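Remarks on the overall topology
Here is what each chain is made of, one letter per residue.
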Protein chains: 2
Amino acid sequence: MSPLRLNKIGIGLIGLGTVGSGVVNVLRENKKLLSDRSGVELEIRRICVKDISKLRAVKVPRSFLCTDPELLLKDPSISIVVELAGGIHPAKEILQKALARGKYVVTANKALLAQESEVIWEAATRAGVEIGFEASVCGGIPIIQALKEGLVSNKISHFLGIVNGTCNYILSSMSSAGADFHAALKTAQKKGYAEKNPTLDIDGTDSAHKLAVLARLAFGAKIPFEKIHIEGIQKISAADIEYARELGYAIKLLAIGKRSARGLELRVHPTMLPLDHPLSHVHGVYNAVFVRGDRVDDLLFYGRGAGMYPTASAVVSDMIAIAKKIHAGGAKASAHPMPAVPTKICPMDETVCKYYLRFQVADKPGVLGRIAQTLGKNRISILSVHQKESRDAKSVPVIILTYEAKEKDLRKALSQIDHFPESCENTAVIRVEK
Amino acid sequence: MSPLRLNKIGIGLIGLGTVGSGVVNVLRENKKLLSDRSGVELEIRRICVKDISKLRAVKVPRSFLCTDPELLLKDPSISIVVELAGGIHPAKEILQKALARGKYVVTANKALLAQESEVIWEAATRAGVEIGFEASVCGGIPIIQALKEGLVSNKISHFLGIVNGTCNYILSSMSSAGADFHAALKTAQKKGYAEKNPTLDIDGTDSAHKLAVLARLAFGAKIPFEKIHIEGIQKISAADIEYARELGYAIKLLAIGKRSARGLELRVHPTMLPLDHPLSHVHGVYNAVFVRGDRVDDLLFYGRGAGMYPTASAVVSDMIAIAKKIHAGGAKASAHPMPAVPTKICPMDETVCKYYLRFQVADKPGVLGRIAQTLGKNRISILSVHQKESRDAKSVPVIILTYEAKEKDLRKALSQIDHFPESCENTAVIRVEK
């Protein structure tokens, strides 16, 4: 074959933190591999940062750095704007301007896509350019591409995702070492797997951002972010993890998107999964997404969901894909990556689930009877009951697994049971998926 | 947004067996979904079959059917030729003609790609058109796209693939039910998971075809098919599976591609994997590919590797991807999907592995000493020794796990040991990966 004619494609970077530094390194260190494989050469021409004097993980020519994104946006030699700054403002405005000027965009900004994707995609469609956002969900796992392209011929019935490595690390070490939540969080922080302020990770917000991006593609539906039900892992106890395992389950923080007769279910919460479910074997900081399509049946994608290089891998693959299209004659974004059809979102109250309930009650005769009666009155059928040894001498844990029940009914039953004089704590509730 | 202008893209199908029927059904039943998502409409215009009168799993207008591929190739209304006939001839010639006439090609033909991919890709590059072959490996799992695009910025160090559902089903049921190979094969045939003549599956040839396709993309190297080392699962005994599990391992038929200091290792053989390896949990007919990239680290792709709909899902996703490009202005195949760089293939003799060895020897004093001595003389160090209870009163199984050793040295040692008067059978050898 004749040698490839290399086209140079100008890149403007916004943000030079961990992922940005990873991107600079990948482009440098894998330069020959990338140009061999793609026939194009990606050249960073300008990098917009908040503070030029800050010490960076990579060395870049001082002349590349600027603090005004406008310098980058008006540079005609830059074809692709790569946004790695995060946050909604000013990222949204910068990307809107970039798109309006016909620049292609690659972004890892899940918060922005979760909350403003329609605005961004409309701007892209208007401008006829593409947006790459593989890095916004699950780092190096090519799940966005799979949903957009590989599974395009499938109607997706549901997906279950372990999409936050911090939470999975904490739950895994609670499970393997029996550590309690706070000790596990501290270890995660020490190892660099949790941030100093870990709130957005452990309260489920980060998972909800990723759920919104995945659901948009999987279901071709506009996802109102505020309708996602979000619970974090703060209330999960080492005891619940142990009891769950005795019953044959693992506890994972899942981002769940599901078509049901009641509409589209969108929820992030700790979930009990049977130990033979592929997601039960996803440990530590690893992420995984389980997808069921009407044609392809069950699929699982597994890998590192965060970190400098896994995320940079996704960013650079998007850059290469776009660069190849520019090289091949400037492909236009022919249509929305997945146009939205009107879809009803199922309110959380209407969701139907199996439940694990741990009642912490005074060890008196008749308590179990009253609990069972109250559940029954609220149309909740009991699958099994397990009374455990007391851990604190004050109360005994009574664990009940239910058949499928409506969230609204469960909440009503628990609001009654939690007011029993024998109830020592609010009931622990974990939803069960299969 | 304004309503999409639908472009009709003409399709010619070659072959209307299981997968072909699946493709016809997916295009029919998911028609609206596909056109909503892609902005194009795929229209089958002609189907080339061997026998027009044969009863089919789907109803198609009789006028679509023909037996002469030329009718399909010369039809100017057909833009994409979808080859699902299998086999090397006449598939190769048909695809060459299709490409020469500027038609895009989608194929599920792993045997053809394993042995003739350079010819096919050169023809495609010359014609400036693309070939989709997602369906050639692991059915519905989008592993081809991941290697071509999602992981483009990675230097892949190795991949391990469970790529044949028949073998994985047999090994899984040998493991869970303790069945012997022949009983497990019979059950697989009864359930439709193995063909009447299962040779190409169980002897590893099918896995080697898929290894060739994956390795071509993962390593950007021309893969001489005849240099792939191929062993099937026929010799695996229920006893070895049990002993392996006692030692903490599962036995899987793996397709292995690995860069090493000695060159590119390409081998298909039964392999012992630690039980905590993600591939150890892949049971039944499921396929999975484990990939390690220098940037993305470990990834796993899991799903159904065969069957009407999983495979049709992959075929249709390729058709849609190509149709969108045609719609967007006829994208040219700008370069080879992964150009080849000269790469040394490591001869099997030079491969370095850990080994599980089961010696079946007469229970006499001194035998173990002679075995150990012979291994030592051939530079093979012993990691552990396990003498098991006799199962047949004639011989005792002695199991030795070795440290890393060279295949050539191992073969030499075994050729000596197998000639010991105390040796009752040829030594069972299973390679160990981590």
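What counts as what
Residues numbered from 1 in each chain as written. Chains lettered and ligands numbered in written order. Predicted model: local features only at pLDDT ≥ 70, side-chain atom pairs only at ≥ 80, totals over all residues. Heavy atoms only, no water. Helix = DSSP H or I, 4+ residues; strand = E, 2+ residues; numbered from the N terminus. Rg over C-alpha atoms; globule rule 2.2 N^0.38 Å. Buried < 20%, exposed > 50% of the residue type's maximum accessible area, 1.4 Å probe, protein only. Contact = heavy atoms within 4.5 Å. Lys, Arg positive; Asp, Glu negative; His and termini not counted. Charge placed at Lys NZ, Arg CZ, Asp CG, Glu CD. Pairing = 2+ DSSP bridges. Axes fitted to C-alpha atoms, helices over the stretch in contact; angles between N-to-C directions. 1 Å grid on protein atoms, 1.4 Å probe; cavity = no way out; pocket = protein on both sides within 12 Å on 5 of 7 lines; lining within 4 Å. Points joined across faces, edges and corners; volume = space filled by probe spheres on them. Nonpolar A, V, L, I, M, F, W, Y, C, P; charged D, E, K, R; others polar. Parallel < 35°, antiparallel > 145°, perpendicular 65-115°, else oblique. Left-handed = near helix turned anticlockwise from the far one by under 90°. Buried area = accessible area lost by both parts, 1.4 Å probe. Salt bridge = Lys/Arg side-chain N within 4 Å of Asp/Glu carboxyl O. pLDDT = per-residue confidence, 0-100. Expected span 1.5 Å × (residues − 1). Least-squares fit on C-alpha atoms with pLDDT ≥ 70 in both. Domains from an automatic or database assignment. Polar contact = N/O pair within 3.5 Å; in protein donor to acceptor, adjacent residues only side chain to side chain. Core = buried A, V, L, I, M, F, W, Y, C linked by side-chain atoms within 4.5 Å.

**A few points about the overall build of chain A**
- Across its full length, chain A holds 14 helices and 17 strands.
- Radius of gyration (C-alpha) of chain A: 24 Å, near the 22 Å computed for a compact globule of 434 residues.
- With the C-alpha coordinates aligned to their principal axes, the bounding extent of chain A is approximately 80 × 45 × 40 Å.
- When the 434 residues of chain A are sorted by exposure, 60% land in the buried category.
- Contacts spanning at least 24 positions in sequence make up 74% of the contacts within chain A whose residues lie at least 6 apart.
- For chain A, the centre of its 59 positive side-chain charges and the centre of its 44 negative side-chain charges are spaced 4 Å apart.

**Digging into the sheet that holds strand β2 (residues 40–48) of chain B**
All names here are of chain B.
- Reading across the sheet, the six strands line up as β3-β2-β1-β4-β5-β6 and stay open at both edges, with parallel pairing between neighbours. One side of each edge strand has no neighbouring strand; the edge strands of this open sheet are β3 (65–66) and β6 (131–132).
- Here helix α12 (residues 308–327) sits on the sheet in contact with β1 (7–14), β2, β4 (80–83), β5 (104–107) and β6, set at roughly 165° to β5.

**A few points about the pairing of strand β9 (residues 249–260) of chain B**
Residue and element names in this part refer to chain B.
- Among the 12 residues of β9, 10 are classified as buried, and the element is accordingly described as predominantly covered.
- Note that strand β7 (residues 156–162) and β9 share four bridges and pair antiparallel. The residue of β9 that forms the bridge with H158 is K258.
- Of the strand pairs in this sheet, β9 and strand β10 (residues 263–274) are connected by 12 bridges, and their pairing is antiparallel. By the bridge assignment for β10, K258 is matched with E265.
- Taking the residues between adjacent antiparallel strands as the criterion, β9 and β10 are bridged by two residues.

**Here's the deal with empty space enclosed by the protein**
Residue and element names in this part refer to chain B.
- Per the counting criterion, the structure on display carries four cavities of 30 Å³ or more.
- For the largest cavity, the full set of lining residues is L27, K31, L34, S35, V40, E41, L42 and I320.
- Secondary structure elements with two or more residues in the lining of the largest cavity: α2 (31–38) and β2.
- Taken together, the residues that form the lining of the largest cavity break down as five nonpolar, one polar and two charged.

**Focus on the packing of helix α6 (residues 143–150) of chain A against helix α10 (residues 205–219) of chain A**
Residues and elements named next belong to chain A.
- Close contact between α6 and α10 brings their axes to 9 Å; oriented N to C, the two are set at 15°. Classed by the angle they form, the pair α6 and α10 counts as roughly parallel. Once α6 is placed against α10, the crossing between them reads as left-handed. Each of I143, I144, L147 and K148 in α6 lies in contact with α10, whose residues at this interface are V213, L214, L217 and A218.
- By residue class, the composition of the contact of α6 with α10 is seven nonpolar, no polar and one charged.

**Digging into the interface of chain A and chain B**
- Listed per partner, the contact involves 54 residues of chain A and 54 residues of chain B.
- In this assembly, chain A packs against chain B so that about 4900 Å² is buried in total across both faces, 57% of it on carbon and sulfur atoms.
- On the chain A side of the contact with chain B, A:R37, A:R295 and A:Y302 bury the most area, a combined 17% of that side's loss.
- The tally of links from chain A across to chain B stands at four salt bridges.

**A few points about the confidence of the model for chain A**
- Residue-level pLDDT values for chain A average 94, and 97% of them are 70 or greater.
- Our summary of model confidence lists the complex with pTM equal to 0.95 and ipTM equal to 0.95.

**Topic: helix α1 (residues 18–29) of chain B**
Residue and element names in this part refer to chain B.
- For α1, which comprises 12 residues, the first-to-last C-alpha distance of 16 Å matches the rise-based estimate of 16 Å (1.5 Å per residue) to within 8%.
- Taken together, the buried positions of α1 are occupied by G20, S21, G22, V23, V24, N25, V26 and L27.
- In this structure, the buried side of α1 is in contact with β1, α2, β2 and α12.

**Considerations on the pattern of salt bridges**
Residue and element names in this part refer to chain A.
- Scanning all chains against the criterion turns up 62 salt bridges over all chains.
- Between R295 and D294 there is a salt bridge, and its shortest N-O distance comes to 3.7 Å.
- Judged by its relative accessible area of 8%, R295 falls in the buried class.
- Taking the relative accessible area as the measure of exposure, D294 reaches 39% and is therefore partly exposed.

**A few points about the relation of the copies chain A and chain B**
- Rotating chain A by 180° and moving it 0.0 Å along the rotation axis overlays it on chain B with an RMSD of 0.0 Å. Read as a symmetry element, the transformation amounts to a two-fold axis. When C-alpha positions in chain A are compared against the rotation axis, the closest is assigned to A:F301, at 2.5 Å.
- A high fraction, 100%, of the interface residues of chain A reappear at the interface in chain B, so the copies pair face to face through one surface.

**Details of the packing of helix α7 (residues 165–177) of chain B against helix α8 (residues 181–190) of chain B**
All names here are of chain B.
- Closest axis-to-axis distance for the α7/α8 pair is 9 Å, and the angle between their directions is 125°. Taken as axis vectors, α7 and α8 run oblique relative to one another. Here α7 and α8 pass one another in a crossing that is right-handed. Seen from α7, the contacting residues are Y169, I170, S173 and M174; seen from α8, they are F181, A184, L185, T187 and A188.
- A breakdown of the residues in the contact of α7 with α8 according to their chemical character gives seven nonpolar, two polar and no charged.

**Side note on the domain arrangement of chain A**
Residue and element names in this part refer to chain A.
- Each assigned domain of chain A is listed with its residue range as follows: domain 1 (7–139 + 308–327), domain 2 (144–303) and domain 3 (351–432).
- Centre-to-centre, using C-alpha coordinates, domain 1 lies 27 Å away from domain 2.
- Between domain 1 and domain 2, the residue contacts involve 14 residues of the former and 17 residues of the latter.
- Carbon and sulfur atoms supply 68% of the area buried between domain 1 and domain 2, which totals about 1300 Å² over both sides.
- Inspection of the region where domain 1 meets domain 2 yields three residue pairs in polar contact (both at pLDDT 80 or more).

**Let's talk about the nonpolar core**
- Grouped together as the largest cluster of nonpolar side chains are 239 residues, with contacts concentrated most on A:I80, A:I143, A:M319, B:I80, B:I143 and B:M319.
- Grouped together as the second largest cluster of nonpolar side chains are 24 residues, A:V282, B:Y286, B:A288 and B:L300 included.

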